[in-house]
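Each chain, letter by letter, is given below.
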Amino acid sequence: MQVKIQPSLRMGTILLLFLFTSEEACAEFLIKSVELIIQPRNEVQRDARVAHSGKYKCTVESGKQKKKSSAKDLTVKGLLAPVLTVDKLRLTEGDDVTAVCTAEGETGFLTFFFRDGPEELYQQATDSHKVEQKLTLDKGTVNMFCYYSINLGITAERSSNSNVISVDIEELGIKPDITVMPSTNITEGDNITFSCSMNMTHKRNSEHRIIFSHGHTMLSSNMIHGNYTTLAKANDSGEYECISILGVVHKSSSLIITVKEIFSIPFLAIHPTEVFEGENFTITCQISSLTSRIQKKDIKYSIFRDETFVINDNRYSGTAGKATNGKYVCKAEANRITKESSMLMLAAKVLVSKPAITVDGPVIVDKPFWIRCHSENGSLPIIYSLKRNNLILNWINVSRFQEKARFLALISTPSDISSYLCEAENNGQVSIKMSERLHVTVIVPVGKPLLTVLPVPENIEEGNDVTLICGITKGSPPISFRFYGSNHTAIHTTTVQSNSSSFVLSTVKRKNSGNYYCEAFNTAGMSSRSDIVKVEVSLAMWKKALIAVFCMLLVALLVLFIVMRYKAKRVEVNNKESVWSERPPDVADQDSLQSPNEVDVEYTEVVHPQPVDPIQIPLRKGTETVYSELQTSQGAPENISHQSLLEYAELNHDLPEPVD
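Residues numbered from 1 in each chain as written. Predicted model: local features only at pLDDT ≥ 70, side-chain atom pairs only at ≥ 80, totals over all residues. Heavy atoms only, no water.

### Examining the pattern of salt bridges
Moving on, step 1. For the structure on display, the rule yields 16 salt bridges.
Moving on, step 2. The shortest N-O distance in the salt bridge between aspartate 168 and arginine 90 comes to 3.4 Å. A residue pair is termed long-range when its members are at least 10 positions apart, and aspartate 168 in strand S18 (residues 165-170) and arginine 90 in strand S11 (residues 90-92) qualify at 78 residues.
Moving on, step 3. Residue classification places arginine 90 among the exposed positions, given a relative accessible area of 64%.
Moving on, step 4. Close ionic contact of arginine 388 with aspartate 416 constitutes a salt bridge, the shortest N to O distance being 3.6 Å. One end of the pair, arginine 388, is in strand S38 (residues 382-388); the other, aspartate 416, is in the loop between strand S40 (405-409) and strand S41 (420-425), with 28 residues separating them in the sequence.
Moving on, step 5. For aspartate 416, a relative accessible area of 17% puts it in the buried group.
Moving on, step 6. Beyond isolated ion pairs, a larger network of salt bridges with shared partners links Glu188, Glu261 and Lys339. (Salt bridge = Lys/Arg side-chain N within 4 Å of Asp/Glu carboxyl O. Helix = DSSP H or I, 4+ residues; strand = E, 2+ residues; numbered from the N terminus. Buried < 20%, exposed > 50% of the residue type's maximum accessible area, 1.4 Å probe, protein only.)

Now the structure itself:
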């Protein structure tokens, strides 16, 4: 079953209907939709207010159910015209009128405006539907009306104008009359009298007063019961004004006065315009014009220095110095008129003092540096010149205190520094002052260093102490020397006051071999490197001797081994033959008889092991020696077909004793 529910909300003539439908089941219902309906239509103009404009939507809640409608715009057009009322229609100038502007029934944040035609009288923003304000009006008739506006976010809507109310203001008769005697055109020295008068038909109270002024200067604060008299001067020319004040009402009258000079303002001059201490100067005071009323002889002059009287004359002479320095003025007086000249400052210029010559920063041979010239005393401008042996190299004109006289210079030897001088002058040739010669410390860059190795690199053995000496031919101390070993590793750095330095490598080893070099540098900021010296550390003498002995021993052992091997092989061959061999005696005898002349004998030593039964024959320590003797007969008879050969062999080794 569907149920439609339509609650409503009325705003003036606007009826907001909230319509929603639901499904009813078992005493519960389900909200299906919610719709907002605005009647009579979305745009109305009668009792609805512009403040009601905006977006509207509604929400329906039932238990845990909640449903919102879509938003709809409502626009209300047309603001009601406001109503203006005042508490009085006629008033006297200076009085207040209370004005009320009402927009009945309007709501929202409103801004009210009070106007007199195009002229705005007052403005106020409020959340009320009316504004009440006291206004002060200052002219004959005011046609007053009001209106208001309402802010609608990005736009604002303005109402139509209210009714117009005319308010008449009666002017106060307090405007003063100003008069001057004897006339508006006068001459200096004349007496002039001003008066401010007023024909008032009615008086308010004692607050009324009249102010008398000349330009922006007030001469009198109340001129109601008196006049203003003064001695006319040239600077009195201009506008004079009488101002009548009563409450907030001001009325004024003015006139122009012209005062003619009886004589011109004196003019002060100093000759010469620039004067140095010790030089003569003259101060004169003169006027350029005067009227026929007086003559030049009627003018009295006075000269003052720092407001102190100096002389009653229009001329003053003196010698420039600290005593005559100051602010000078001249006064001229005639016919009760005193005029003062403009102030003139006399400051005797100071001759330049002897300049000092200095340098900025270090002076390094063959590198540019700055020379500074400065005099403690001396009036600007000062011309400074840099000289070298009386030859001008450059000059500069210093005309401001913050300026410095600096010159760029260069020297090739330390002795060149004393050839520079500085000259200063500020008043021609008579003021020239010369400085002393420049004397500063000159830094000579280091020359190429020479690295010396002791002992000579070819004679260095392990265990020696090696001395590295790094020396330079030129360079200003202090000088820093840095020694480098193999792999370009710094091994020692020192700073000395001499041109050389040394470093000792104690008890060198083979690993100390390598390329060595050194560097030298000083405050000149430039370093120089020596050539590389190659160092070879050889073996110590005792190591060499030990190696030689070892080699000789090795060779001897090798030879001995070869000999023993040879003998062993020889004995082994002989053991295979008969140990004892002898030729027949008859043959030997025959040979002996037939050849008694000469016998050849050969001995051969064969060393070899002899196998012996260790059980049957006890051994003796020793070597086995075999001697063979070959005996040959030369020149035997031809019938003998063989040689007589005797062979003897002796075995020299442990043999058993013969058995008896």
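### Concerning a nonpolar patch on the surface
Moving on, step 1. Judged by side-chain polarity, Leu553, Leu557, Leu560 and Met564 come together as a nonpolar surface patch covering roughly 400 Å² of accessible area.
Moving on, step 2. Assignment of secondary structure puts leucine 557 in helix H1 (residues 541-574).
Moving on, step 3. A relative accessible area of 48% places leucine 557 in the partly exposed class. (Patch = residues over 30% accessible without salt bridge, like charges linked within 9 Å, V, L, I, M, F, W, Y side chains within 5 Å. Areas by Shrake-Rupley, 256 points an atom, 1.4 Å probe, with all protein chains shown as cover.)

### Concerning the packing of aromatic side chains
Two descriptors summarise a pair of aromatic rings, namely the distance from one centre to the other and the angle between the planes of the rings.
Moving on, step 1. Under the counting rule described, the total for this entry stands at 13 aromatic pairs.
Moving on, step 2. Between phenylalanine 113 and tyrosine 147, the aromatic rings sit 4.8 Å apart at their centres with planes inclined by 20°, giving stacked as the arrangement. A residue pair is termed long-range when its members are at least 10 positions apart, and phenylalanine 113 in strand S13 (residues 110-116) and tyrosine 147 in strand S16 (residues 141-151) qualify at 34 residues. Of the two residues, phenylalanine 113 and tyrosine 147, both sit in the buried class.
Moving on, step 3. Ring centres of phenylalanine 212 and tyrosine 228 lie 5.5 Å apart, and the angle between their planes is 50°; this geometry places the pair in the tilted category. On the criterion of sequence distance, the pair formed by phenylalanine 212 in strand S22 (residues 209-214) and tyrosine 228 in strand S24 (residues 227-231) is long-range, its members being 16 residues apart.
Moving on, step 4. Judged by its relative accessible area of 0%, phenylalanine 212 is buried.
Moving on, step 5. Under the relative-accessibility criterion, tyrosine 228 is labelled partly exposed at 22%.
Moving on, step 6. One aromatic cluster is present, formed by Phe194, Phe212, Tyr228 and Tyr240 through successive ring pairs.
Moving on, step 7. Residue placement shows arginine 158 over the ring face of tyrosine 147; its charged tip is 3.6 Å from the ring centre.
Moving on, step 8. In this arrangement the basic side chain of lysine 331 is found over the ring face of phenylalanine 304, its NZ or CZ atom lying 4.9 Å from the centre. (Phe/Tyr/Trp six-rings, centres within 6.5 Å; stacked < 30°, edge-to-face > 60°. Lys NZ or Arg CZ within 6 Å of the ring centre and 35° of its normal.)

Function cannot be inferred from these measures alone, as they are strictly geometric.
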